[in-house]
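# Structural overview for review
Here are the chains, one letter per residue:
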Amino acid sequence: MTEIHLIEGEARAAEAPKRHLISIEDLSSEIVERLLATARNFSRSLEREMKKLPTLRGRTIVNLFYESSTRTASSFELAAKRLSADVMTLRAIGSSVDKGESLRDTTRTLSAYQPDVIVIRHVQIGAPKLIAATTSAHVVNAGDGKHQHPTQALLDLYTMQEALGHLAGLQVAIVGDVLHSRVARSLVQALNLVDASAVCIGPPALVPRAFEQIGCEVSSDISLIETADVVYVLRMQQERMTGGENFVPSLREYSARWSITPERLRPGQVVMHPGPINRGVEIDPRVADSAESLIEAQVRSGLVVRMAVLYDLLTQGPVSLAPTVNMNEVA
Amino acid sequence: MTILHHRGGAAGSLTIRGARVLDPGAGVDALLDVKVEKGVISELAQPSGKKSAGKGVAAEGLVLAPAFVDPHVHLRTPGREDEETIASGTAAAAAGGYCAILAMPNTSPTVDNAAVLGALIELAQEEAVVPTGFMAAISRGLAGEELSEMGELAEAGAAAFTDDGHPVYSASLMRRALQYAGSTGRRLALHCEEPSLSRRGQMHEGAVSAELGLAGYPSVAESVAVGRDLALAAYEAQPLHLMHLSSRESVELLRRALVDGVEVSAEATPHHLCLTDEAVRSLDSNLKMNPPLGSEQDRLALIDALKSGAISCIATDHAPHARQEKDVPFEAAPFGVTGLETAFAALYTNLVEPGLIPLETLLDRLSAGPAHAFDLPVPRIAVGEPANLVLLDLESSWTVREELFRSRSVNSWLLGQTLQGEIVLTVAAGRVVFGSERVVA
């Protein structure tokens, strides 16, 4: 591998547009396939006693988390470490972000260290795009508001493929609070890329108007999960019931009508959840702890899929994920 | 009572030679020499082809029309002079072909008392390049609780009343405002939004908001309020002006009210006439405004209403914002975009060139339409009229760049775009207030 970042000036000029992973829309089915294959290779390497690979030695990865996260932040950090990259994880709390520094200024400050990748989690939609327009690093979206969470969708595909042997033709029922879920948005698009189908099921006010136009069926009828190969449960947040929002009358009623219980499942169905789970709200504890639950497998997949994403961005040729966005030109 | 104020200066004399003079209201469409003496149109004559005394503008191949009137401008003064001042905002208006503008009262402090209004009028008399009028608030502090002293404000020169930026929250206060405004002879101009439906909406609710995950602002948040206010205006038999309409449902309510004889006028903005929510996919904060960009159906309904005259005014809702406030993720950005300097070219490019509306209609809705709605002098190209003229080069195309703006703010949705149609010269109240180098040099 050529260490092009050592002769930055010349290399940058000749380089193809910087690749980022901001949205599932940045991917083609070929790239998804390549990423999943790379993740499988990494998975095998993790079975060895010596788990660290020298692949990204000397590379710098910055994790910038503006929103609380346990699994995504730890997964990205460990992925970078397993590939021998230097990794720095910054959380908004206790940093200069607290002092009112703008996202652009924080990005410029961190870019002065010439990171190869910036991984960003932010409460606001479009923050990763803004960063991509400011830095010369590759940008990976680790979740922006209710918009996108592309590495979650990729790890979900990986988990389904490992558990069920294939992706094409799979039927996935996504159940719960679709409106507030970046996971649902990314997953529907990702399933479309691999020729699987999705139905989104939830209380009417928690499924966005016109959501079917992104490529899925939409219903409020929980019995539609029957034909699904995978039941994908979304987190139901307590705050959706408070502050006069009235998305549903009560958590109790939500659970009675949409919770995934053993009675609602048929043999052979597997259950997934992006976490963290609310036992007894959107998912019955007996389901969460059953053999059909892939929830822990999802966490394991997260590590190898994020290794694959970092590896792919830093080593593959100019096959486009997404070209650099220049906000000034867009404007 | 004078509603419009400007810094004055000596009225000019000049002759504009050989332009196609197009004043749809006066029924004029001919190649003419237009002579202005001491600010008044003194002669319309067959083109002589020769130079006469005084300043002359060779305008062959150009279109000379009545200058524009913008009933909806945010001048940000007092309070946010970093974003716009009366001087910079009116210079922008001049560059956009305007001879009169009305400024909104949602400043800091709010224009809800005669003292603030009086100070603004004095300032306009010192620095307004283009005649400027000021609307005053319907409710004190725009809080929607108590009426402002509309009688005194009208006497002090308020052009109309509005709580723009906010709806009049309570139906009861709205009714009282209609009743009371009737006694002042000034119209209410309404920002129609039912806040319990728009909530924290960031963009039009539809397929694009579903995909982006941005909180949806449903079109019924506007039309429910339009319906309420039209019903009250009909009941009280008082006139009403509907600001920045954006949805098909609102247009249908407007049409019905006009048929029923309600005295209602309405405006649409260049951005709602040119763009749809599809544009928001870019997540460019210069595409964030309230009301939000609607669907293509909404846009076509607005264009239809503009064509029929149900919507008789084009208003820019010019809303300057500081660079650092817009240079943030979409959800963190404030609502609003600038528009004074690009309105004509944007609409000529997106509506007239593709054949959606005739040039004559565009010129009328930019000038006579808004002037009629607010009882302002209607710009006319006729002998004896004050010179309020705009000279247009329809053959010229130009690219919108930050450096070209006279406004202090650059939050335009058109940055980087190439537009057809350029303002070459603006004469407002008999004074040349804008001239590109090619004619003034």
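In this text, all values refer to a predicted model and were calculated from it rather than measured experimentally.

## Notes on the sheet that holds strand 9 (residues 270-272) of chain A
Residue and element names in this part refer to chain A. Strand order in this open sheet of 5 strands is 7-6-5-8-9, and the pairing throughout is parallel. Each edge of the sheet is formed by a strand with only one pairing partner; in this case those strands are strand 7 (217-219) and strand 9. Each strand of the sheet is rotated relative to its neighbour by a mean of 20°, with strand direction disregarded. As judged from the 5 bridges shared by strand 5 (residues 171-175) and strand 6 (residues 197-201), these two strands associate in the parallel manner. Residue pairing for strand 6: Ala173 is matched across the bridge by Val199. Strands strand 5, strand 6 and strand 8 (230-233) of the sheet are contacted by helix 7 (residues 182-193), whose axis makes an angle of about 155° with strand 6.

## Regarding unusual backbone geometry
Here the residue pair A:Gly275 and A:Pro276 is connected by a cis peptide bond, since its omega of -10° sits within 30 degrees of zero. The peptide bond linking B:Thr77 to B:Pro78 adopts the cis configuration, its omega dihedral lying at 5°. Relative to the helices and strands, B:Pro78 is located in the loop between strand 6 (68-73) and helix 1 (86-95). Located in the positive-phi region is A:Ala210, a residue other than glycine, with phi close to 65°. Tracing the backbone shows A:Ala210 in the loop between strand 6 and strand 7. Note on A:Ala210: 17 C-beta atoms within 10 Å, which makes it partly exposed. Unlike most non-glycine residues, B:Ala429 shows phi in positive territory, near 50°. Mapped onto the elements of the fold, B:Ala429 is located in the loop between strand 17 (418-428) and strand 18 (431-435).

## Things to note about the packing of helix 4 (residues 171-182) of chain B against helix 7 (residues 220-236) of chain B
All names here are of chain B. Where helix 4 meets helix 7, the closest approach of the two axes is 10 Å, and the angle between their N-to-C directions is 40°. When the axis of helix 4 is compared with that of helix 7, the two are oblique. Considering only the axes of helix 4 and helix 7, their crossing is right-handed. Residues Ala171, Met174, Arg175, Leu178 and Gln179 of helix 4 form the contact with helix 7, whose own contacting residues are Arg228, Asp229, Leu232, Ala233 and Glu236. Classifying every residue of the contact of helix 4 with helix 7 by side-chain character gives 5 nonpolar, 1 polar and 4 charged.

## Focus on the interface of chain A and chain B
Counting from both sides, the interface comprises 23 residues of chain A and, opposite them, 23 residues of chain B. Residues belonging to the side of chain A that touches chain B are distributed by class as follows: 10 nonpolar, 6 polar and 7 charged.

## Details of the domain arrangement of chain B
Residues and elements named next belong to chain B. Split by domain assignment, chain B resolves into domain 1 (14-64 + 385-440) and domain 2 (65-373). Taking only C-alpha atoms into account, the centre of domain 1 sits 26 Å from that of domain 2. Contacts between domain 1 and domain 2 engage 33 residues on the former and 44 residues on the latter. The set of elements that each furnish at least two residues to the side of domain 1 that touches domain 2 consists of strand 1 (14-23), strand 5 (63-66), strand 16 (389-399), strand 17 and strand 18. The leading source of residues in the side of domain 1 that touches domain 2 is strand 17, at 8 residues. When grouped by side-chain class, the residues that make up the side of domain 1 that touches domain 2 number 20 nonpolar, 9 polar and 4 charged.

## Notes on helix 7 of chain A
Residues and elements named next belong to chain A. The terminal C-alpha atoms of helix 7, which comprises 12 residues, lie 17 Å apart, in line with the 16 Å expected from a rise of 1.5 Å per residue. Residues of helix 7 that are buried: Arg182, Val183, Ala184, Arg185, Ser186, Leu187, Val188, Gln189, Ala190, Leu191 and Leu193. Following helix 7 by one or two positions, Asp195 adopts a phi angle in the positive range, close to 65°.

## Description of the packing of helix 3 (residues 71-82) of chain A against helix 10 (residues 295-315) of chain A
Residues and elements named next belong to chain A. Where helix 3 meets helix 10, the closest approach of the two axes is 8 Å, and the angle between their N-to-C directions is 55°. Classified by the angle between their axes, helix 3 and helix 10 sit oblique to one another. Between helix 3 and helix 10 lies a crossing whose hand is right-handed. On the side of helix 3, the interface is formed by Arg71, Ser75, Phe76, Leu78, Ala79, Ala80 and Arg82, while helix 10 contributes Val299, Gly302, Leu303, Arg306, Met307 and Leu310. Within the contact of helix 3 with helix 10, the residues separate by chemical class into 8 nonpolar, 2 polar and 3 charged.

## Here's the deal with the domain arrangement of chain A
Residue and element names in this part refer to chain A. What the domain assignment lists for chain A is domain 1 (4-149 + 300-325) and domain 2 (150-298). Contacts between the two partners involve 26 residues from domain 1, matched on the other side by 24 residues from domain 2. Elements supplying a minimum of two residues to the side of domain 1 that touches domain 2: helix 2 (29-45), strand 4 (138-144) and helix 10. Considering every element that reaches the side of domain 1 that touches domain 2, the biggest residue donor is helix 10, with 6 residues.

## A few points about the pairing of strand 1 of chain B
All names here are of chain B. The element strand 1 is largely enclosed, with a buried count of 8 among its 10 residues. Alignment of strand 1 against strand 2 (residues 28-37), held across 8 bridges, turns out to be antiparallel. Bridge pairing links Arg20 to Leu31 in strand 2. In textbook terms, the turn of a hairpin is the stretch between consecutive antiparallel strands, and for strand 1 and strand 2 this stretch comprises 4 residues, one of which, Gly27, has a positive phi near 70°. Relative to strand 4 (residues 55-58), strand 1 runs parallel, the two sharing 4 bridges. Bridging from a neighbouring strand, Arg17 pairs with Ala58 of strand 4. Pairing of strand 1 with strand 5 involves 2 bridges; the strand directions are parallel. Bridging across to strand 5, Val21 finds its partner in Leu64.

## Side note on the nonpolar core
Membership of the largest hydrophobic core comes to 153 residues, with the highest contact counts inside it found for B:Tyr98, B:Val130, B:Met135, B:Phe161 and B:Leu391. A per-element tally of this core places helix 12 (residues 343-352) of chain B first, with 8 residues. When neighbours within four sequence positions are excluded, B:Phe161 is seen to be in contact with B:Met135, B:Ala136, B:Ala137, B:Ile138, B:Met150, B:Ala181, B:Arg186, B:Leu188 and B:Ala189. Within the second largest apolar cluster, 95 residues are counted, among which are A:Leu35, A:Ala80, A:Leu130 and A:Leu154.

## Some details on the confidence of the model for chain B
Looking at chain B as a whole, the pLDDT averages 96, with 98% of positions reaching at least 70. Two numbers describe this predicted complex: its pTM, 0.91, and its ipTM, 0.86.

So, how was this worked out
- Residues numbered from 1 in each chain as written.
- Chains lettered and ligands numbered in written order.
- Predicted model: local features only at pLDDT ≥ 70, side-chain atom pairs only at ≥ 80, totals over all residues.
- Pairing = 2+ DSSP bridges.
- Helix = DSSP H or I, 4+ residues; strand = E, 2+ residues; numbered from the N terminus.
- Axes fitted to C-alpha atoms, helices over the stretch in contact; angles between N-to-C directions.
- Contact = placed C-beta atoms within 7 Å.
- Buried ≥ 20, exposed ≤ 12 C-beta atoms within 10 Å, placed from the backbone.
- Parallel < 35°, antiparallel > 145°, perpendicular 65-115°, else oblique.
- Left-handed = near helix turned anticlockwise from the far one by under 90°.
- Nonpolar A, V, L, I, M, F, W, Y, C, P; charged D, E, K, R; others polar.
- Domains from an automatic or database assignment.
- Expected span 1.5 Å × (residues − 1).
- Core = buried A, V, L, I, M, F, W, Y, C linked by C-beta atoms within 7 Å.
- pLDDT = per-residue confidence, 0-100.

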